[in-house]
Each structure stands twice: as C-alpha cells, then as structure tokens.
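In case you want the letters, here they are:
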Amino acid sequence: MSTMSQAAARPAMSLSSGGFFRRFGTWFGTWAYVLVDHLHRRAAIKTLCQMNDRELRDIGLTRSQIEDAVFGFAKPDVWRLR
C-alpha cells in the first residue's frame, strides 16, 4: 500500500473540532443574551429614575424600590393595589 492511498483515507481535519465550535457558539450566545438582558435592565432603571415621585407612586414604587423591581426582587405587597 502506498503512502498516498493512506493519506486519502483519513480526513484532513479532526471531527472533534466541530464540537469545539458548537460549544463556543453556545457559550458566546449565552454571554450575548446576558449582555443584552443587562443593557435592557439598566435602560429600565434609567427610565424609572427619570420619573418624578408622583409618577413612581402611581405605579406603586418608591425610588428605593426601583432596582429591586427591575431585577424582580420586589416584595409582593409592592404590587398590591391601594
């Protein structure tokens, strides 16, 4: 058997590199989602901070509750109708 026929029988690149690219894509996609989510939350906080106290009171928030409300850590009684 010649050397040429042995080289043609093996793939030029290992198939395991496909797993690397698949994992990299998954990792990158996860971090991209986290970044976009963070930017949206910061924009919501900025918008709420620009409201005056009366507008915040109308939606049932105080200034000290803005970040907790945006991040989902608000107490259940915050959403209670008064």
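Draft legend 1. Representation of the overall build of the protein chain within the structure. The helix and strand inventory of the protein chain stands at 4 helices and 0 strands. N-terminal to C-terminal, the α/β element order of the protein chain is α-α-α-α. Looking at the protein chain residue by residue over its 82 residues, the buried ones come to 11%. Of the roughly 7,400 Å² of accessible surface on the protein chain, a fraction of 63% belongs to carbon and sulfur atoms.

Draft legend 2. Expanded view of the confidence of the model for the protein chain. Looking at the protein chain as a whole, its pLDDT mean stands at 79, while 67% of the residues score no less than 70. Per-element mean pLDDT across the protein chain ranges from 56 in helix 1 (residues 3-9) up to 96 in helix 3 (residues 53-58).

Draft legend 3. Quick peek at the pattern of salt bridges. Tallied over the entire structure, the rule returns 2 salt bridges. Between Asp 37 and Arg 41 there is a salt bridge, with the nearest N and O atoms lying 3.1 Å from each other. Of the two residues, Asp 37 and Arg 41 are both situated in helix 2 (residues 17-49); the distance of 4 residues between them amounts to about one turn of the helix. Owing to a relative accessible area of 27%, Asp 37 belongs among the partly exposed residues under this scheme. Its salt-bridge partner being Arg 63, residue Asp 53 comes within 3.0 Å of it at the nearest N-O pair. Pair noted here: Asp 53 is in helix 3 and Arg 63 is in the loop between helix 3 and helix 4 (66-71), with a separation of 10 residues, a long-range link.

Draft legend 4. Structural context of the nonpolar core. Counting residues in hydrophobic clusters, the biggest one holds 7 residues: Ile 45, Leu 48, Leu 56, Leu 61, Ile 66, Ala 69 and Val 70. Within the residue set of this core, elements represented by two or more residues are helix 2 and helix 4. For this core, the element with the highest residue contribution is helix 4, accounting for 3 residues. Non-local contacts of Leu 48, meaning those with residues more than four positions away in its chain, are made with Leu 56, Ile 59, Leu 61, Arg 63, Ile 66 and Val 70.

Draft legend 5. Geometry of the environment of Ala 69. Note on placement: Ala 69 falls in helix 4. Residues Ala 69 and Ala 44, 25 residues apart in the sequence, show an inter-C-alpha distance of 10.0 Å.

Draft legend 6. Inspection of a nonpolar patch on the surface at higher detail. Where nonpolar side chains cluster on the molecular surface, the patch consists of Phe 20, Phe 21, Phe 24, Trp 27, Phe 28, Trp 31, Tyr 33 and Val 34 and spans about 990 Å² of accessible area. When you line up the elements, Phe 24 lands in helix 2.

Draft legend 7. Region of the structure containing the environment of His 40. With respect to the helices, strands and loops of the structure, His 40 is situated in helix 2. Under the relative-accessibility criterion, His 40 is labelled exposed at 55%. When the C-alpha positions of His 40 and Val 70 are compared, they lie 9.7 Å apart, and in sequence the two are 30 residues distant.

Parameters and conventions
Residues numbered from 1 in each chain as written. Predicted model: local features only at pLDDT ≥ 70, side-chain atom pairs only at ≥ 80, totals over all residues. Heavy atoms only, no water. Helix = DSSP H or I, 4+ residues; strand = E, 2+ residues; numbered from the N terminus. Buried < 20%, exposed > 50% of the residue type's maximum accessible area, 1.4 Å probe, protein only. Areas by Shrake-Rupley, 256 points an atom, 1.4 Å probe, with all protein chains shown as cover. pLDDT = per-residue confidence, 0-100. Salt bridge = Lys/Arg side-chain N within 4 Å of Asp/Glu carboxyl O. Core = buried A, V, L, I, M, F, W, Y, C linked by side-chain atoms within 4.5 Å. Contact = heavy atoms within 4.5 Å. Patch = residues over 30% accessible without salt bridge, like charges linked within 9 Å, V, L, I, M, F, W, Y side chains within 5 Å.

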